[in-house]
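The primary structure of each chain is shown beneath.
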Amino acid sequence: EFGAQAIPKLSSLKRFIPQKYLAPKGKKAKRFWEYHNFQFNWSTKNGVKFKDTIERFIKDSQTYQADLIKFATEMLRIQKYTTTTGIFQFMFNEGWPSMNWGIVDYYRQTKPGYEALQKAYAPIIVVAKEIEDNQIELYVVNDTLRAIEHATLYVDVKGKDGISRYSYPVTILADSVTVVGR
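Values in this document were obtained by computation on a predicted structure and should not be read as measured data. (Residues numbered from 1 in each chain as written. Predicted model: local features only at pLDDT ≥ 70, side-chain atom pairs only at ≥ 80, totals over all residues. Heavy atoms only, no water.)

Peer 1: Explain the overall build of the protein here, please?
Peer 2: Each helix and strand counted, the protein has 5 helices and 5 strands in total. Taken from the N to the C terminus, the helices and strands of the protein come in the order α-α-α-α-α-β-β-β-β-β. Its C-alpha radius of gyration of 20 Å places the protein more than 25% over the 16 Å reference for a compact globule of 182 residues. Judged by the C-alpha coordinates and their principal axes, the protein covers about 60 × 40 × 25 Å. When each of the 182 residues of the protein is scored for burial, the buried share is 41%. Summarising the internal contacts of the protein: among those between residues at least 6 apart in sequence, 55% fall at separations of at least 24. (Helix = DSSP H or I, 4+ residues; strand = E, 2+ residues; numbered from the N terminus. Rg over C-alpha atoms; globule rule 2.2 N^0.38 Å. Buried < 20%, exposed > 50% of the residue type's maximum accessible area, 1.4 Å probe, protein only. Contact = heavy atoms within 4.5 Å.)

Peer 1: How should I be thinking about the pattern of salt bridges in this particular structure?
Peer 2: Oppositely charged side chains may form a pair once their charged atoms are brought near each other. Following the criterion strictly, the structure yields 12 salt bridges and no others. The closest approach of N and O atoms between Asp60 and Lys51, which form a salt bridge, is 3.2 Å. A salt bridge links Arg56 to Asp60, with the nearest nitrogen and oxygen atoms 3.7 Å apart. Pair noted here: Arg56 and Asp60 are both in helix 4 (residues 54-77), with a separation of 4 residues, about one helical turn. One network of salt bridges, with partners in common, ties together Lys51, Asp52, Arg56 and Asp60. (Salt bridge = Lys/Arg side-chain N within 4 Å of Asp/Glu carboxyl O.)

Peer 1: Any chance you could explain the nonpolar core here in plain terms?
Peer 2: If you look at soluble globular proteins, the nonpolar side chains tend to sit buried side by side. Ranked by internal contacts, the top residues of the largest apolar core, which has 17 residues, are Ile7, Leu13, Ile17, Trp33 and Met99. Put simply, the parts of the chain that give this core at least two residues each are helix 1 (10-13), helix 2 (27-35) and helix 4. Among the elements that make up this core, the one with the highest residue count is helix 4 (3 residues). Residue contacts for Trp33: discarding those within four places in its chain leaves Ile7, Leu13, Ile17, Tyr21, Leu22, Pro24, Phe38, Phe40, Ile54, Phe57 and Met99. Counting 8 residues, the second largest nonpolar core, distinct from the first, contains Val140, Tyr168, Ile172 and Val180. (Core = buried A, V, L, I, M, F, W, Y, C linked by side-chain atoms within 4.5 Å.)

Peer 1: Whenever I open this one, the pairing of strand 2 (residues 135-142) confuses me. Can you help?
Peer 2: In regular strands, side chains alternate between the two faces of the sheet. The buried fraction of strand 2 is high, at 6 of 8 residues. Sheet analysis places strand 1 (residues 124-131) next to strand 2, joined by 8 bridges and oriented antiparallel. Each bridged residue has a counterpart across the sheet, and for Glu130 the counterpart in strand 2 is Ile136. The turn linking strand 1 back onto strand 2 is made up of 3 residues, and Asp133 within it adopts a positive phi angle of 60 degrees. The pairing of strand 2 with strand 5 (residues 176-181) spans 5 bridges and is classified as antiparallel. The partner of Val141 across the bridge, within strand 5, is Val177. (Pairing = 2+ DSSP bridges.)

Laid out in structure tokens, this is it:
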């Protein structure tokens, strides 16, 4: 189980947070946010805090949620049938007007985490995992019941010396995870 808290979009937030409390600056505003499940300690610990505008705060929290969901989903999927046998993103939708861990808010508006989860759960994905010495390992996860034969994986890596292109011939078994290159 994995996930992260994210503030809903501004139009949803305005439906349950009064205008005078939209910027969580004073004690009353913070109490109002906490009542609606915002976890200031958790948020601050993970680098998401109110800086200058409510729009930026929303964007920062939603970006953090989407990035964490993408990363966790991909890292767990490459462990398929080894150390991981099932994964669950917590939570899908929020059950009341709140600032929770849902990727769909109470008013059924999606957050960027929704699209991140959708992409990370695609039946076939390529995952780049950073390993030691500035190297990455490339995986292909194939959750389909068909093999991928005679394909080529192209990877562009942008570095200080420009862009390097790599290609890897791949055959991926059905319902499998394959390391295709480093």
